[in-house]
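Architecture at a glance
Residues per chain, in single letters:
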Amino acid sequence: MKSIANALYCCCIDTPWVEAAHILDREYGITPAYYIGWSDDGSNIKKRYRDCYFQSVEDAWKGLGFPQLEYSVALDMNSLKNFGEEHLVSLRMMDRLDITRGNFPLAQREIFFYHLLRRWLVILKKFEIDILIFPVSPHRVFDYVLYIAGKMHGIKTIIFQMTPFSDYSYIVEDTNHLPIFIKDELRDLKSAKGELQDDIKKKILNLLDNYEENIPSYMKENIEKSESYIIQYVRKIFKVLLSPKILFEADSSYYVQKEKLPYETDKTKFEANIYFLKNYLYLGRMKKYYESICDEITLLLKKRFVLFALHYQPEETSCPTGGFFGDQILLLSLLDAVLPEGVSILVKEHTSQFLPAEEGASSRFPTYYDEMKRVSSRVRFVSTSVDPFTLIDAAEAVVTISGTIGWESAIRGTPVLHFGRAWYECMPGTFRIDGKESLERAIEAIFAGELRYDMEDIMAYHEKLSGFFISAVHYKAYEGRSRRSMAESAANLAEGIVKYLESSKETHVKSSRTR
């Protein structure tokens, strides 16, 4: 079939995506023109599509691996003024490149941002890209700047939104908003037929049980990874003792060196291991400090409170999903300004923030918590060891950007204020907050007891949302969570993308007629 659109695939694992791309090309004329994948997967896409440019994820992290082009772009106030929020989010997102917290100052981040933006703007035009495809919300800096460049060019964007249900995901096109046609469907719960899949229904009902039975799979994986972290580190040391020259080999990680930009970084494995060791020791000190400022939980539970569940940072669920509210101190300040008197704010840090195998050291420091305490005398901290469901059930409301705890809370009957595009947006019991006015309306409804919903409404919502689900192992995090073969996954991805393009096109036509 003749090509009718060129696609850029970003951070797609080769299986099943190369086959999905082949189906989209063969049957629908959507041809892969540019592919960003892991270096081990490059040969597969090159075999199938010789004219498709391949860039490794490992290079892209550092701002390397771009085609040899002239990257001259006129960037001025007019071209950038509508992307101030995205610009700020990009700079915050770069925390993950600096686990030492001192190697990547603002001036260098600005340089890196424009380095990436110029390249993506030229590439999108040169390769005549019509569609951007992301298997997860862009959050690695290079992919998010690509997303911004796509918006500047008005290019169609496909983003797969993961859910906690096996291998189910659905498509959105904006990191901040649900598509209109999906929102419209989710608001019409009365037309639900009571035909929700058993596996989804079972997972929802399980949330009424204790927390130990409902620890999210990603949390279990993070904890297991961190528990083996020291063992792996000791093994590295023994490996070095046997062959000391390893220390002076080039390191491939994306962490920046002091006074160097990511694409200039040339650190050795020795330097990288020093970063990891500092990260490990710092996180231990941070956890000790955090626990030292926590209050006795039995006393806190005796008063009225809202639970503010902090997000692990740096990560996609807060940045870019939270936009400006990726700054959780800003969120806390707004919450304090609107909450009624006599209601405390219990702040609970995310368990992953202190796990040694994670990058939490780049986004937390003692003064972060001190500044939260300065926001208001009603701010109190809760130990990470406290059972989340105990807090949820006792709270007047739960506050999050887009975390799983919001979904859990609404199902358990506690209202939720979420400050970003959560996968469960529009779910009964939840309020999407984008500013002071929406927060005031939500707080008034919650404290006046006006919120009414039941488990039937919850099931109806999930039935409606499941109508948009695509079942596929489309991302690394879904590997081992699916019963589908890779061939089925590829077919489902291609079909899901085409259906979404048709649905969003119909919505655009309708909204144009309305105008």
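Data block above holds the structure.
Now for a quick tour of the structure. Computed from a predicted model, the values in this text were never measured in an experiment.

1. Remarks on the packing of helix α14 (residues 328-338) against helix α18 (residues 436-447)
In the contact formed by α14 and α18, the axes pass within 10 Å of each other and the chain directions differ by 50 degrees. Taken together, the axes of α14 and α18 are oblique relative to one another. α14 and α18 meet at a crossing whose hand is right-handed. Counted together, L334, L335 and V338 of α14 and K436, L439, E440 and I443 of α18 form the full contact between these two elements. Here the contact of α14 with α18 is composed, by residue class, of 5 nonpolar, no polar and 2 charged.

2. Let's talk about the sheet that holds strand β6 (residues 168-172)
Strand order in the open sheet formed by 7 strands is β3-β2-β1-β4-β5-β6-β13, and the pairing between neighbours is mixed. The two strands at the open ends of the sheet, each matched to only one other strand, are β3 (53-56) and β13 (470-471). Inspection of the sheet shows strand β4 (residues 131-134) paired to strand β5 (residues 156-162) by 4 bridges, in the parallel sense. Residue pairing for β5: F134 is matched across the bridge by I159. Where helix α6 (residues 106-126) meets the sheet, it contacts β1 (5-10), β2 (30-37), β3 and β4, and its direction lies at approximately 155 degrees from that of β2.

3. As for the sheet that holds strand β10 (residues 397-400)
What the 6 strands build is an open sheet, ordered β9-β8-β7-β10-β11-β12; its pairing is parallel. Among the strands making up the open sheet, the edge pair consists of β9 (379-382) and β12 (430-432). With strand direction ignored, the average angle separating the axes of adjacent strands in the sheet is 25 degrees. Inspection of the sheet shows strand β7 (residues 305-309) paired to strand β8 (residues 344-348) by 5 bridges, in the parallel sense. Opposite L307, over in β8, you have L346 as the bridge partner. In this fold helix α17 (residues 404-411) packs onto β7, β10, β11 (416-418) and β12, with an angle of close to 165 degrees to the strand it touches most, β10.

4. Some words on a negative patch on the surface
A contiguous patch of negative charge, built from D434, E437, E440, E444 and E450, is present on the exposed surface. Within the secondary structure layout, D434 lies in the loop between β12 and α18.

5. Observations concerning unusual backbone geometry
The omega angle of the peptide bond from T15 to P16 is 20 degrees, so this bond is cis rather than trans. Within the secondary structure, P16 sits in helix α1 (residues 14-28). Residue P314 is bonded to the preceding Q313 through a cis peptide linkage, with omega at 5 degrees. As for its position among the elements, P314 is in the loop between β7 and α14. A positive phi angle is found at C11, which is not glycine, with a value near 60 degrees. If you trace the backbone, C11 turns up in the loop between β1 and α1. Owing to a relative accessible area of 2%, C11 belongs among the buried residues under this scheme.

6. Section: a nonpolar patch on the surface
The grouping of L88, F324 and L330 at the surface amounts to a nonpolar patch, some 270 Å² of accessible area in total. Along the chain, the position of L88 falls in helix α5 (residues 84-93).

7. Overview of the pattern of salt bridges
A full pass over the atoms with the stated rule returns 22 salt bridges. Salt-bridge contacts for R364 lead to E349; the nearest nitrogen and oxygen are separated by 2.8 Å. Of this pair, R364 sits in the loop between β8 and α15 (366-375) while E349 sits in the loop between β8 and α15, and the two are 15 residues apart along the sequence. Exposure class is identical for R364 and E349. Each is buried. Note that R432 and E425 form a salt bridge whose closest N and O atoms lie 3.2 Å from each other. The exposure class of E425 is buried, given its relative accessible area of 3%.

Rules used throughout
Here the residue numbering is sequential within each chain, running from 1 through the sequence in written order. Only residues with pLDDT of at least 70 get local features here, since the model is predicted, and only at 80 or more are side-chain atom pairs given and counted; chain-wide, interface and lining totals rely on the full set of residues. Values reported for side chains reflect all heavy atoms of the structure, with hydrogen atoms and water molecules removed beforehand. For helices, the fitted line uses only the C-alpha atoms of the stretch in contact; every axis is such a line through C-alpha atoms, and the angle between N-to-C directions lies from 0 to 180 degrees. What counts as a helix is a DSSP run of H or I of at least four residues, what counts as a strand is a run of E of at least two, and both are numbered from the N terminus. For classification purposes, an angle smaller than 35 degrees is called roughly parallel, one larger than 145 roughly antiparallel, one from 65 to 115 roughly perpendicular, and anything else oblique. Helix crossings get a hand from a simple test, with the near helix turned counterclockwise from the far one by less than a right angle marking a left-handed crossing and a clockwise turn marking a right-handed one. The contact definition used throughout considers only heavy atoms, calling two residues in contact when any of these lie within 4.5 Å. Side-chain classes follow a simple rule in which Ala, Val, Leu, Ile, Met, Phe, Trp, Tyr, Cys and Pro form the nonpolar group, Asp, Glu, Lys and Arg form the charged group, and the remainder, Gly included, forms the polar group. For two strands to be treated as a pair, DSSP must find at least two bridges joining them. The patches reported here contain residues having more than 30% relative accessible area and no salt bridge. Joining distances are 9 Å for like charges and 5 Å for nonpolar side chains (Val, Leu, Ile, Met, Phe, Trp, Tyr). Note on areas: Shrake-Rupley, 1.4 Å probe, and residue coverage restricted to the protein chains presented here. Basic side-chain nitrogens of Lys or Arg form a salt bridge, by our definition, when they fall within 4 Å of a carboxyl oxygen of Asp or Glu. The convention is simple: Lys and Arg are positive, Asp and Glu are negative, and His and the chain ends are not counted. Throughout, a charge is located at the NZ atom of Lys, the CZ atom of Arg, the CG atom of Asp or the CD atom of Glu. A simple rule labels every residue: compare its accessible area, found with a 1.4 Å probe on the protein chains alone, to the largest value its type can have, and call it buried under 20%, exposed over 50%, or partly exposed in between.

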